[in-house]
Amino acid sequence: MSSPITKTSSVLPPAPVDVPMVRLENVEKHYGPLHVLQNINLTIKPREVVVIIGPSGSGKSTLCRTINRLETIDSGVISVDGKELPAEGAALARLRAEVGMVFQSFNLFAHKTILENIMLAPTKVRKISRRQSEAEAMKLLERVGISTQAHKYPAELSGGQQQRAAIARALAMNPKVMLFDEPTSALDPEMVNEVLNVMTDLANEGMTMLVVTHEMGFARRAADRVVFMDQGQIVEQNTPVEFFDSPQTERARSFLSSVLTH
């Protein structure tokens with residue numbers, strides 16, 4: 001078993017530990033008759049890495065997408081950095097700028113170069129100059145290991161390179177928290193590790209992260225806490241060592257015996 005990552009303390013400024021970065025309280029969500037989120041209560045502390053796992057259809061991605069209101073909720077409260085999530089309008093746009101999102105599909109603009117994709121939001125939303133935006137974008141591309149691809153178009157990159165570009169694009173807004181919705185599920189197996197390595201580096205640097213994934217190895221080595229969901233509910237949550245070595249519920253034991261034997 002890989003040992004947990006020791007978080008460094010020099011990359012990001014201290015964050016107040018008494019204010020959760022993300023809080024979901026009594027969150028409910030239906031798709032018609034389907035009850036996809038059932039009384040969800042979850043708190044993520046600053047710098048904490050929370051990995052959500054569970055079978056397909058358990059509500060993991062829906063939960064992730066409610067945090068920046070890509071999915072609306074029926075009831076309950078969601079707050080980011082102590083501020084309740086607005087329903088719409090300019091306040092929601094401002095909050096979304098503080099929450100980075102990386103999707104299953106890369107969602108890059110096909111007609112723009114990788115560099116242009118990363119520069120777009122900082123110049124349009126943060127209103128910084130093109131020169132500054134380009135300099136910051138190149139640093140981010142170096143950070144994710146694809147600076148030599150800056151002037152290529154998305155179609156010219158591998159899936160792993162495109163997903164790393166998508167991570168750089170999210171980081172360009174200097175988010176307070178990063179959401180990852182199954183970021184490796186669309187990748188060929190040989191490309192998975194190059195994306196997970198970037199995510200592990202972010203975890204090591206102290207980025208607050210919520211990650212929905214099927215990658216159990218990443219959950220073991222990078223998570224501070226593993227949250228197991230099934231049928232729209234949080235069934236169990238614990239440290240990676242405790243969860244993987246001593247699951248507390250029969251449903252978690254059954255799930256792990258299935259996924260860890262393949």
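As recorded in an unreviewed UniProt entry, the chain goes by the name Glutamate transport system ATP-binding protein, listed as coming from Paeniglutamicibacter psychrophenolicus. The UniProt entry for the chain carries the following text under Sequence similarities (unreviewed entry): "Belongs to the ABC transporter superfamily."

Draft legend 1. Geometry of the sheet that holds strand 4 (residues 75-80). Spatially, 4 strands are ordered 2-1-4-5 in an open sheet, and the strand pairing comes out antiparallel. The two strands at the open ends of the sheet, each matched to only one other strand, are strand 2 (34-44) and strand 5 (83-84). Sheet topology places strand 4 next to strand 5; 2 bridges connect them, and they run antiparallel. Note that in strand 5 the partner of serine 79 across the bridge is glutamate 84.

Draft legend 2. Highlighting the sheet that holds strand 6 (residues 99-102). The strand order 6-7-8-3-9-10 describes an open sheet built from 6 strands, whose pairing is mixed. The strands lining the two open edges of the sheet, one partner per strand, are strand 6 and strand 10 (233-238). Adjacent strand axes in the sheet meet at a mean angle of 20°, parallel and antiparallel pairs treated alike. The sheet contact formed by strand 7 (residues 177-181) and strand 8 (residues 208-212) spans 5 bridges and is parallel. Bridging from a neighbouring strand, valine 177 pairs with threonine 208 of strand 8. In the packing of helix 6 (residues 189-205) onto the sheet, the strands contacted are strand 3 (49-53), strand 7 and strand 8, and the crossing angle to strand 8 comes to about 145°. Where helix 9 (residues 250-259) meets the sheet, its contacts fall on strand 3, strand 9 (225-230) and strand 10, and the angle it forms with strand 9 comes to roughly 100°.

Draft legend 3. Broad picture of unusual backbone geometry. Phi is positive for asparagine 26, close to 50°, though the residue is something other than glycine. Structurally, asparagine 26 can be placed in strand 1 (residues 22-31). For asparagine 26, a relative accessible area of 42% gives the class partly exposed.

Draft legend 4. Summary view of the nonpolar core. Ile167, Met178, Phe180, Met199 and Met209 are the most contacted members of the largest nonpolar core, which totals 50 residues. With near-sequence residues (within four places) excluded, methionine 178 lies in contact with Gly100, Val102, Ile167, Ala170, Leu171, Met207, Thr208, Met209 and Leu210. Of all hydrophobic cores here, the second largest spans 29 residues; its members include Val80, Met101, Val177 and Val212.

Draft legend 5. Just the pairing of strand 3, in detail. With 5 of its 5 residues buried, strand 3 lies for the most part within the structure. The side-chain alternation of strand 3 yields two buried faces, one formed by Val49, Val51 and Ile53 and the other by Val50 and Ile52. Sheet topology note: the strand 3/strand 8 ladder contains 4 bridges and is parallel. The residue bridging valine 49 from the neighbouring strand is methionine 209, located in strand 8. For strand 3 and strand 9, the ladder comprises 4 bridges, and the chain directions are parallel. Looking across to strand 9, one finds that valine 51 is bridged to valine 226.

Draft legend 6. Structural context of the pattern of salt bridges. Applying the stated rule across the entire model yields 11 salt bridges. For aspartate 81, the salt bridge identified is with lysine 176, shortest N-O distance 2.6 Å. Within this pair, whereas aspartate 81 is found in the loop between strand 4 and strand 5, its partner lysine 176 is found in the loop between helix 5 (159-171) and strand 7, the two being separated by 95 residues in sequence. Arginine 126 serves as the salt-bridge partner of glutamate 136, at 3.5 Å between the closest nitrogen and oxygen. Residue glutamate 136 is located in helix 4 (residues 130-143), and its partner arginine 126 is located in the loop between helix 3 (114-124) and helix 4; the two are separated by 10 residues in the primary sequence. The class of glutamate 136 is partly exposed, set by a relative accessible area of 26%. Arginine 126 sits in the partly exposed class, given a relative accessible area of 27%. By sharing partners, the salt bridges in this structure join Lys29, Arg65 and Glu71 into a single network.

Draft legend 7. Spotlight on the packing of helix 3 against helix 5. Two numbers describe how helix 3 lies on helix 5: the axes approach to 8 Å, and their chain directions differ by 25°. The angle between helix 3 and helix 5 places the two elements in the roughly parallel class. Judged by the twist between their axes, the crossing of helix 3 over helix 5 is right-handed. Between helix 3, through Ile114, Asn117 and Ile118, and helix 5, the contact on the second element is made entirely by Ala165, Ala168 and Arg169. Partitioned by chemical class, the residues of the contact of helix 3 with helix 5 number 4 nonpolar, 1 polar and 1 charged.

Reading the values: rules and limits
- Residues numbered from 1 in each chain as written.
- Predicted model: local features only at pLDDT ≥ 70, side-chain atom pairs only at ≥ 80, totals over all residues.
- Heavy atoms only, no water.
- UniProt positions renumbered as here; feature names shortened; annotations may be inferred.
- Pairing = 2+ DSSP bridges.
- Helix = DSSP H or I, 4+ residues; strand = E, 2+ residues; numbered from the N terminus.
- Axes fitted to C-alpha atoms, helices over the stretch in contact; angles between N-to-C directions.
- Contact = heavy atoms within 4.5 Å.
- Buried < 20%, exposed > 50% of the residue type's maximum accessible area, 1.4 Å probe, protein only.
- Core = buried A, V, L, I, M, F, W, Y, C linked by side-chain atoms within 4.5 Å.
- Salt bridge = Lys/Arg side-chain N within 4 Å of Asp/Glu carboxyl O.
- Parallel < 35°, antiparallel > 145°, perpendicular 65-115°, else oblique.
- Left-handed = near helix turned anticlockwise from the far one by under 90°.
- Nonpolar A, V, L, I, M, F, W, Y, C, P; charged D, E, K, R; others polar.

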